[in-house]
Structures are given as C-alpha cells and as structure tokens.
Amino acid sequence: MYPEAPAPTVDSAAAIVRVVLDVPLDRQFDYLNPGLPIREGNRVVVPFAGRQLVGIVMALLSETDIPIQKLKAVLQVFDDVPLDAATFKLLRFCADYYHYPFGQTVLSSLPLRLRQIKPAVSRKTWLYRLAQPVPDDFVGKRQQVLARLITLLQQHEECSEALLGEASATWRKAMQPLLDSGLVTRREVVATRPSLAASEHEPVLNEEQASAVAAILGTLRQFQPWLLFGVTGSGKTEVYIRLLQTVLSEPQAQVLIMVPEINLTPQLEGRFRSRLSQFPLVTLHSHLSESERLQNWQAAQTGAARIVIGTRLSVFTPMPHLKLMILDEEHDSSYKQQDGMRYHARDVALVRAKQCGIPVVLGSATPSLESWYNASGQPAAGQAGRKPGYRLLTLTQRAAAQARLPRIFCIDTTHSPAEAGLTPQLKQAITQRLQRGEQSLLFINRRGYAPVLHCSACQWLADCQRCSARMVLHLRQRVLRCHHCGAEQRIPVQCPSCGNPDLRPVGQATQRIEETLQQLFPQARVARVDRDTIQAKDALTELLSAVHDGKVDILVGTQMLAKGHDFPNLTLVGVLDTDSALYSPDYRASERLFAQLMQVAGRAGRGDKPGEVLIQTAFPQHALFAALQAQNYAEFADSLLQERIALQFPPATYIAIIKAEAPDYALVKQFLTELAEAGREFIRQHVATFTDQPVIYDPVRPGLARLNRMERGYVMLQSHQRGALQQLLHAAVDWAWQHPLQAKIRWTVDVDALEQG
DNA sequence: AGCACGCCGACT
DNA sequence: GTCGGCGTGCTC
Ligand SMILES: [Zn+2]
Ligand SMILES: [Zn+2]
C-alpha cells in the first residue's frame, strides 16, 4: 500500500479509475486508464452516455465489479492541483448528511471553470515595471495605446493590471513588444489587488472585546465553537481582525471568513485589506467573473491566499492550512442553500472545524435559536442530541462612541389607521425631517405597486396561470407579474370575469408608497430601492452615494436596504408593515423579524443626531417590541426557545422534509404516500435499533401548492435525535431511488429545512 | 439530467 | 417513402 498518493506512473495493477460525475445518480463510475498520469483528486474527461463530462478521480483500483467490456477509457487528465483528502472528507459528510448525490456535491463545490472541459488556465496577475528607458523610435506615430502605456509606466514605479487597463482595454497586446524587447519586466503577484495603504489606526479594544479575543485565542489548534453575541456597534469586526492578526502570525496559516452575500461589500473587504495588508486576501462571491473566481479559489487551494472572505459556497473552498473560521451574521438565512444540495453553511462550518480541529466563531447581534440553544446552556428537556461544548461570548458595550441605538416607538394602527399605508404620526415625523433637512427611510417588504388587483363587483383577483399565487401589480411597467415564477401579463382594462372596468389595486408595495410620498411631499426627493430599481450593475452603489451626498430626502425600499450603509444624516426609519410576520404560520418569522428590525434600527441616527424608529403595528403590546425597545434579545430568544421546546419545534427537535413535484399531483401524492408508508414500515421493522422513534407525517401541500406549472407536495420527518432521523432518511432515500416514479417526478431532501414547501 | 433508441403522423 | 414528435430507459 502507498502511504501517500501513488506516483503518477502507468501502473497496470491500478488501471481502473473510479470517477464521480455531475449527474443525478448516486453512483460512481469506473473507467480504464489508457496510461495517463492520473492521481486521486485529479480532474479528468470521460465519455458518458454519448457525451463527454468532467469527472473527479476518487480512487485508482486494480479491479472492478463492472464487466471489463463495458468500461470506457479516460480521455484526458488535467494537470491542475488535485483535490485533497480533507476536502473530500467534508464533501462526503455533506453528501451523506444532506442526502445529495456525491458526484454532484463534489462538482458543485468547484468553480464553474473547473467543471468545464476546456483547460482552466487561470491567467496570472502581474505587476509591470520599466526596466530601461524606451528609445524614442520605439513608438510609432499611430501606436497611441503603446504611448499611453509607456507614460503610465514612467509615472509609476510599478503598474498594476487595473492601472494599465486605463490605457486601453487591449493594453495586453501593446505590452507584448515591450516585454519581448526586455524594456519592461514583470513579476507575478498573488492575490493582492491594488494594495491599500496599511492603516495605522488601531482602535483600543474595550474590556469585553479584549477578553473575547483572549478566550478564542486560547482555543487555537482545537475544535471549539464560539458564539460571539454582540449588540449592534459592539465591534465584532474589530474582534475578528485581532484574531486574524494573531492567527496569521503563524507561517502559512489561513483563515476563512464567511459573510452573507449582501454584507460582502467593498467597505468590508477594504477594512480587512487595510488592517491586514501584509497578508494576501481573496474574496469569493457571486459578482466575480469566472476567471477571477477560479484564480481566487486556486489561491486558497494552494495556500497562497492567507485570508479568504466568502459567501455560503466558500465553506467548501480547499484551504490546506486553515486555522480559524469565522461566520459573521450567523443567524442569516442566506447561509442555507435553497436548491441543489440544501446545506447550511453554518452547520458545514462546524463540521469542517471539527474535522480540522480548529475553532469556529459564529458572530451575531441576534443569534439563531439553534446557536442560542447550543450556547446558552438551556435546560436540555429530553435533548439527547444536543451538541455540547459551545461557548458564549457577549459584547454588550458599544465600542464606537457614535454607535447609539435610536429610540424605537410603535404606532398603534388600530388607534391611528394608516392611510395609503402611512399613519398620521409617520407622515408628521417625515415632515419634521424634511423641515430639518434630514433624511428618512421607509421599509416595506413588498416590491411592485400593489400585491393584489381586485374586482369589487365580482371579487375576481388576478392569479398567476402557472402558480397558486396572486399576480403583483407593477404600474411602472404596466404589467401584472408573478413574483414566484416571473410570469407577466398585461393589466386587463376590465374584469376578465364580469367585464367591470373598475379594477382596484389593493394593498401597499414600494412603488405605491413612493407615489403616495411624491403626492404628499411634492418638494421632496423620493428614491426607491428594491430588486426592480437596482437591476443595473452599479445602480445600488450610485443610489447609495446619492443618499450619502444628500441628494435624496426620502428613501423607500425593501429589506435589501436594512444592511450595510450608514447615512449620517438619516434620522428617521419607518417600518410600514410588520404584522404579517408577527402572526405568521412560519414559526421562525418572529425570530427573523426581530433580527430585521434590529438591523433596520441600526440605520437611524449617528453621532450628534439621535435617530428614531417608528413601527406601524396593530399589536404594539407584542413582547417582541418590548424586547426590541429594551434591546434585550437574550430575554426574547429565551422565551422563543421555551416556546419551541414546549411545542417540540426545532431546535428542540430535528426535522427533514422530502419534497416532490410534477405536472400531475396524483404522481406526487402516490410517491409521497408510498414513501411515508415505506418509512413507517422501516421504523416498525427496525424499532429496536432506534434510540428515538421518528415520526413521519402524511403528505401535505405547501402554501405555494403550484409553482411554475408543477404541483408540489412534501412529507415531514421528525425525531429528537439527529442520528435516528439520519437512519430513517437513509432508508427513505434508498427507497426513493428505487421507486419507478423516481425519474418521472422531481424530488429533493431538505435536512434541517428552514421553511416548508 | 442528457442523450440515445424507438415507433407512429404529415411532409419534400 | 423519411423527417421528427417526445415516451422509455440507461449511463462505467
Ligand atoms: Zn369582476
Ligand atoms: Zn407564477
């Protein structure tokens, strides 16, 4: 046996290559090695069912159960860095835990370029410098790009590619003769973009921050989950930076920082770059081009990048010297993948930390109840599956002096009804801000003009043809649009059912609020921010800077505005509609609402101008608001947790959902009914092996019963023990793969589902 | 998922 | 006669 991976030689004893592919089949495929230098973890091209696919080599074998005449030969092997065993171990765990085909798990963790057949040559990044003076006759009269390049090179000692790009988009072509003649030399740079000047500003840590840093640093080189519970403005980022400074002082050490996509702003990246300027840093997020993504991913994989800041998917990025993981805003539901393998990056990060034997820091001002439960030492009422060992760190002091929480008031809409979505108090508060030259921000979590178009004569409502949902009225584009499937239709001039021409928009959404504000405050500059207005690339950035420059008086938008930017002159935040979340059938809605309102409150007021938050609600006495006003998330979370324990909802129990959809619900129902029955039968037959007996609920239809012409259904599986739930899921999923309807319908498993449907 | 192979309606 | 519709079944 080989102690390490075998040398890349032609070995007839290991002529079988076992490969995983990006196909929805939970199997591996064997091929013959025609004598290529193949190693485990390599990327190969293989023939498969009449086409060519990229696969990853799992093993080199000397024999296989597949008849030799059925085996095809590997066509090609790429010479890029093979995937390492630690990464495979993590991917294997996730494929098992989330019941997703291993091949698809592996391939979907790779940058797109590595899933495609063309060689993934990541272009290297260089810095260019003038080696010797350029002779006068070198530049021809019409070679303007070349002339501009030389000017830039003369002005700067070293030129980045971004800088040279200012000369022309095709500067590389003009550069070639300079390189060929030796007039210009270049050196490769790894992962450092225009390096920011190191910031000497090193804030003094307060006592809580300092002891948090010390506590975490005390657990390096061992698995330890930390929950860093820090109120808004308590300086969590500063804690992260100090941790990195120490951890990265060890040669080669790498750190992975995860943030929700919307939080990965240039400002955040810049802060880490300037405070840790000596360490190569790369980011991984959806706005990168594919070649940037590949380059950054490879920089992490080779160890060249010491700091990786990424979103959900970056939890799988190979990092050979990973010493610490940080997951900021750990409560954010965008960490849960909602299609394909439905993993939760927070939970995967915990598994990875355990496998690597390193600490993981989960940061939040409003921790998820899962983490709260794990960290706060709640009474373990019948909880055998509870993870021990979480440690809680609390930051209660506002580190930044200017980070003052605004005053929060509820406006009782039962006493002062909203007119066109706005209560008199809120209108008055806006008027005041306009008079003082200050800015206001209004939240309404629905885009479009009105959520419903209604016929008052016959009660007709505009429905989507493809979904069981209402069409949303978009007046600006003069269409009805389904927010679930994207279908559009023209606004009918009369009721399609009774011919009544008087169709009325019902309810409020961003466009309509914007219109109302323009009518109420004709002199005010109103701007709207939602998915519809920020389609263009830099639209959001432009708008935010307009707000910053005081060119906007009132900003209307969806939750999209709740994060990130601070506007010093913004002193009023209005929340127009919270009641749908307060009494939602989704038991997680109030937890999410609290987090959102907390974040929203952070937008109001800075420095000498105190902020004010006005929340319109018919339920001002709700405990959520009292906790919000007192900024007491801990107490609120404790009470929610008691409810969950009493009702046996997560995190007091474990659930998984198996969903199915097809154009015909009869097939879905048959599949799910038989699945539930087979699962119950499995439990009966293996009852002695279950330390907790799972429950399988009958198939039901989700709130959105039809989506894009697909009829949907699901069954829920529940157990007080993770292990028991997994045991059942393995049996159920094995059963499902065997079912004749398996390929006719679409079915998915969602372990630890956040919502149903 | 793709992509073959396969067996019935209207077209050069 | 054959071009092509998409139903069924397999992929090392
Ligand atoms: Zn009508
Ligand atoms: Zn629809």
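Preceding this section is the structure that the text describes.
Residues numbered from 1 in each chain as written. Chains lettered and ligands numbered in written order. Predicted model: local features only at pLDDT ≥ 70, side-chain atom pairs only at ≥ 80, totals over all residues. Heavy atoms only, no water.

Caption draft 1: Representation of the sheet that holds strand β13 (residues 322-327) within the structure. Taken in spatial order, the 7 strands of this open sheet run β11-β12-β10-β13-β14-β9-β15, and their pairing is parallel. Each of the sheet's edge strands pairs with one partner strand only, and the pair in question is β11 (281-284) and β15 (391-395). Neighbour to neighbour, the strand axes of the sheet diverge by 20 degrees on average, direction disregarded. The sheet strands contacting helix α8 (residues 266-275) are β10 (254-258), β11 and β12 (307-310), and the helix crosses β11 at an angle near 165 degrees. Each of β10, β11 and β12 is contacted by helix α9 (residues 290-302), which is oriented at about 125 degrees to β11, the strand it contacts most. (Pairing = 2+ DSSP bridges. Helix = DSSP H or I, 4+ residues; strand = E, 2+ residues; numbered from the N terminus. Axes fitted to C-alpha atoms, helices over the stretch in contact; angles between N-to-C directions. Contact = heavy atoms within 4.5 Å.)

Caption draft 2: Spatial organisation of the coordination of the zinc ion (ligand 2). Those protein atoms acting as donors to the zinc ion (ligand 2) are C464 (SG), C467 (SG), C482 (SG) and C485 (SG), and they sit at 2.2 to 2.3 Å. A residue is classified by how much of its surface remains accessible, and C464, at 5% relative accessible area, is buried. Owing to a relative accessible area of 17%, C485 belongs among the buried residues under this scheme. (Donors = N, O, S within 2.8 Å, 3.2 Å for Na, K, Ca; no water. Buried < 20%, exposed > 50% of the residue type's maximum accessible area, 1.4 Å probe, protein only.)

Caption draft 3: Representation of empty space enclosed by the protein within the structure. For the coordinates displayed, the defined rule picks out 3 cavities of 30 Å³ or more. Approximately 280 Å³ is the volume attributed to the largest cavity. Lining the largest cavity are 22 residues; nearest its centre among them are R346, D347, E370, Y654 and R722. Mapped onto the lining of the largest cavity, the elements with two or more residues apiece are α10 (345-356), α11 (369-375) and β27 (654-662). Tallying contributions element by element places α11 first for the lining of the largest cavity, with 4 residues. Residue composition of the lining of the largest cavity, by class: 9 nonpolar, 5 polar and 8 charged. Counting only domains with at least three residues in the lining of the largest cavity, you end up with domain 3 (207-395) and domain 5 (654-751). Of the pockets and cavities examined, the second largest cavity occupies roughly 80 Å³. Looking at the second largest cavity, the residues that line it are G41, R43, I56, D80, V81, P82, L83, L110, L114, W297, Q298 and Q301. Residue contributions to the lining of the second largest cavity peak at 3 residues, all from α9. Residue composition of the lining of the second largest cavity, grouped by class: 7 nonpolar, 3 polar and 2 charged. (1 Å grid on protein atoms, 1.4 Å probe; cavity = no way out; pocket = protein on both sides within 12 Å on 5 of 7 lines; lining within 4 Å. Points joined across faces, edges and corners; volume = space filled by probe spheres on them. Nonpolar A, V, L, I, M, F, W, Y, C, P; charged D, E, K, R; others polar. Domains from an automatic or database assignment.)

Caption draft 4: Spatial organisation of the coordination of the zinc ion (ligand 1). Each protein donor to the zinc ion (ligand 1) is listed here as C455 (SG), C458 (SG), C495 (SG) and C498 (SG); together their distances run 2.2 to 2.4 Å. Coordination at the zinc ion (ligand 1) comes from 4 donor atoms whose angles at the metal span 106 to 112 degrees, giving a geometry best classed as tetrahedral. Counting residues between consecutive donors of the zinc ion (ligand 1) along the chain gives the motif C-x2-C-x36-C-x2-C. One end of the pair, C455, is in strand β18 (residues 452-455); the other, C498, is in the loop between β21 (488-490) and β22 (503-506), with 43 residues separating them in the sequence. (Tetrahedral: all angles 85-135°; square planar, octahedral: opposite > 155°, others 65-115°.)

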